Amino acid sequence: MTEVSDREPPRRRVPGPARPAPDGRRRPAGPGARPARRPPAPRPAAPRATAARQIRLGSPRPRLRMVSLGLTLVLIAFAVRLLQVQAVDASTYAAKAEQNRYVGYTLTAERGQITDRGGVALATSVDAYDITADPTLFKRKQLKIDDGPEQAAALLAPILGQEQADLAEKLRTKGQYVKLAGRQTPQVWKQIKDLKSALAAKAEDGTGVNVLAGVFAVATSKRVYPNGDLAAGILGWVNADGKGGGGIEQKLNTLLSGKDGKIRYAQSGGRQVPTAGSTETPAVPGSDVELTIDRDIQWAAQNAITEQVRKSKADRGYVIVQDTKTGEILAMANSPGFDPGDLSQADPGTLHNWAVEDAYEPGSTAKVMSMAAVLEENVATPLTHVTVPNRLHRGDRLFKDDIDHKTWYLTLNGVLAMSSNIGTILATGQLGKTQAQSNQVLYSYLRKFGLGSYSGLDFPGETKGILAAPQDWSTSQQYTIPFGQGVSLNAMQATSVYSTIANGGVRVEPTLVRGTQGPDGRFTPAAKPKKSRVISEKTAKTLARMLESVVDDEAGTGAKARIPGYRVAGKTGTANRVDPATGRYHGYTSSFAGFAPADSPRITVYCAIQNATKGSYFGGQICGPVYKQVMEFALKTLQVPPTGTKSASLPVTFTP
């Protein structure tokens, strides 16, 4: 058994650090201690002067903190701005970028042609250019000069025919697109393009500035009229905006103009970026319009009326040629006319189709309607005797014929042949038991013949004339209206009256358009015109024979309208004319209306001349020859042969 002592065990001695010996060496730490390393040899002491110049460096930490803080603030600012651009104002900046990068313009649709009935072009379109510019390319930033717009305007003004100041103002406008001139010829654009190339060459070699670098051209079309002033009153014109400004161009503008397209593309420096792509909606061309008129007959009518207006020194005149069976207008000529392709030279007073816009009192050509009422109501026949005194007192007026005469003993046929005002008053007075009843009956026939209503052409500016209700006729009107004074119409309405008689008493609304041909090449005929019976076929044939007496009989007033080989029916007219400037009677309206062949009618021709001031003013003298010239040409053109029958002359006078 081991005995345990109650004394503490002896502590182990831990050697302490060696104390340095007096000689500087370390002593051993104790038994088992490693010998101490020999200390390095002492360095020689530095000179005191060197120790004095030694500098201690400051701590870099404060400076690093300031730089870090600055960078942090900059990054925060960038982050805030980025957040604003990409999140808060993203749509606004996107829109601005889109606006500045992309440009677009309208692709003008090619306007449809207008042709005559044979397909001959009367109005067509040719290649042209809209001269445009990008105003941003004329600023100092681009050209390095201050007067870029002025220099460019000085070069363009004589080519475009515009004022330099106006062009300079356009080039200084805001935005990236401005039209400097529309529908310029290819020759105009070539001039600009050649000048632009010359300036570009100088800019490249450093001898000049290309002030036209921002001028461009957009392909479009220009309206031209190959036949000059032919049928100008019918055709109208196209204004600077490419829209119809009158006539058929205005009436059928939507159909002719088609539908414009659009193009949008990326650009840089005014040039299209090919790789950026583009969007385009193609333009749809307009439809072609085929008119009823015949170019050759139109030419003959226009020449004839122009020459007579010149000889008579008249204000104006018009001629209409109509197919009696179909109602189609073969010619509608006005004089003086205008060139729709050069309105700068036109008199504003000629920019009309006066044949439908001018309302005037027709005079004796209207007597045929009075005779139609008398015959249709069976109150008289062509052989009825009418005693015509030199003067006739009715109401508050004393009526007379164009010439003084002894008492005439005329048949009803003779009243029409010799164009007696008094005889017409006496005949129409038989239409009712009272004058008021006679007025009512006559009014109903005038309305059925188309007076007081639009003709059916639906032509821009057309007048329907003036026909008051019978209860509103003044004391004088109830006696003047039967012979064509106190009532007004236009030349188309007057033509239609005679075509109605020629067509066996059936009125066919006049037409100017045969049909249209769309971009797909499909032809669509015009709607058939409305028809209405005005008088019986018997009455119409009787009137035709009576109208032959006007031309054939030696006592008739229409001898100058005779056409060798053909039977001609017609009526002269000479009416007091109301001056549109004063509203008073001044001068005369001279007219002639008729159809041929009289026994198998095919063509109606109507001529009217306003205010002839030289030579004769009687309708038979100045309009009869025009009628003859135009009718002869139309009959030959349409190859209408003579019927070969002889006229059965009706007596003009009777022996009391």
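Please refer to the structure higher up on the page.
This text gives an overview of the structure that appears in the document. This is a predicted model, so every value here is computed, not measured. (Residues numbered from 1 in each chain as written. Predicted model: local features only at pLDDT ≥ 70, side-chain atom pairs only at ≥ 80, totals over all residues. Heavy atoms only, no water.)

### Considering helix H5 (residues 148-160)
Move 1: Taking 1.5 Å of rise per residue, the 13 residues of H5 would be expected to cover 18 Å, and the 18 Å separating its terminal C-alpha atoms lies within 8% of that figure.
Move 2: Among the residues making up H5, those that are buried are Gly-148, Pro-149, Ala-152, Ala-153, Leu-156, Ala-157, Ile-159 and Leu-160.
Move 3: In this structure, the buried residues of H5 make contact with strand S3 (121-133), helix H4 (140-143), helix H6 (164-171), strand S4 (178-184), helix H7 (186-204) and strand S5 (215-224). (Helix = DSSP H or I, 4+ residues; strand = E, 2+ residues; numbered from the N terminus. Expected span 1.5 Å × (residues − 1). Buried < 20%, exposed > 50% of the residue type's maximum accessible area, 1.4 Å probe, protein only. Contact = heavy atoms within 4.5 Å.)

### A closer look at the packing of helix H11 (residues 295-312) against helix H21 (residues 624-637)
Move 1: Here H11 crosses H21 at 170°, and the two axes come no closer than 9 Å. Classified by the angle their axes make, H11 and H21 are roughly antiparallel. Considering only the axes of H11 and H21, their crossing is right-handed. Here Asp-296, Ile-297, Trp-299, Ala-300, Ala-301, Ala-304, Ile-305 and Gln-308 of H11 lie close against H21, whose contacting residues are Val-626, Gln-629, Val-630, Phe-633, Ala-634 and Thr-637.
Move 2: Within the contact of H11 with H21, the residues separate by chemical class into 10 nonpolar, three polar and one charged. (Axes fitted to C-alpha atoms, helices over the stretch in contact; angles between N-to-C directions. Parallel < 35°, antiparallel > 145°, perpendicular 65-115°, else oblique. Left-handed = near helix turned anticlockwise from the far one by under 90°. Nonpolar A, V, L, I, M, F, W, Y, C, P; charged D, E, K, R; others polar.)

### Quick word on the pattern of salt bridges
Move 1: With the rule as written, the count across this model stands at 19 salt bridges.
Move 2: In this structure, a network of salt bridges that share partners links the residues Arg-117, Glu-290, Glu-328 and Arg-514. (Salt bridge = Lys/Arg side-chain N within 4 Å of Asp/Glu carboxyl O.)

### What about the packing of H5 against H7?
Two quantities define a packed helix pair, namely the angle between the axes and the distance from one axis to the other.
Move 1: Axis separation between H5 and H7 bottoms out at 10 Å; the angle between their running directions is 160°. Taken together, the axes of H5 and H7 are roughly antiparallel relative to one another. For the pair H5 and H7, the crossing hand works out as right-handed. Listed contacts from H7 to Leu-155, Leu-156, Ile-159 and Leu-160 of H5 are Val-188, Gln-191, Ile-192, Leu-195 and Leu-199.
Move 2: In terms of residue class, the contact of H5 with H7 is made up of eight nonpolar, one polar and no charged.

### Let's talk about the state of the cysteines
One covalent bond between the sulfur atoms of two cysteine residues makes up a disulfide.
Move 1: If you walk through the whole model with that rule in mind, you get zero disulfides.
Move 2: The thiol sulfur of Cys-607 is not disulfide-bonded, and the nearest other cysteine sulfur, from Cys-623, lies at 3.2 Å.
Move 3: The class of Cys-607 is buried, set by a relative accessible area of 0%. (Disulfide = S-S within 2.5 Å.)

### With respect to unusual backbone geometry
Move 1: A cis amide bond links Ser-335 with the next residue in sequence, Pro-336, at an omega value of 0°.
Move 2: Within the secondary structure layout, Pro-336 lies in the loop between strand S13 (329-335) and helix H12 (354-357).
Move 3: The residue after Ala-596, namely Pro-597, is reached through a cis peptide bond having omega -20°.
Move 4: Tracing the sequence through the fold places Pro-597 in the loop between strand S23 (585-596) and strand S24 (603-610).
Move 5: With a phi close to 55°, Asp-458 is a non-glycine residue in the positive phi region.
Move 6: Phi angles above zero are rare outside glycine, and Gln-639 is one such case at about 55°.
Move 7: Take Gln-639: its relative accessible area is 69%, and that puts it in the exposed class.

### Here's the deal with helix H15 (residues 421-428)
Move 1: When you tally the buried positions in H15, you get seven out of eight residues, the bulk of the element.
Move 2: Taken as a whole, H15 has its buried residues at Asn-421, Ile-422, Gly-423, Thr-424, Ile-425, Ala-427 and Thr-428.
Move 3: Of the residues that open H15, the one with a side-chain oxygen 3.5 Å from the backbone nitrogen of Ile-422 is Ser-420. (Polar contact = N/O pair within 3.5 Å; in protein donor to acceptor, adjacent residues only side chain to side chain.)

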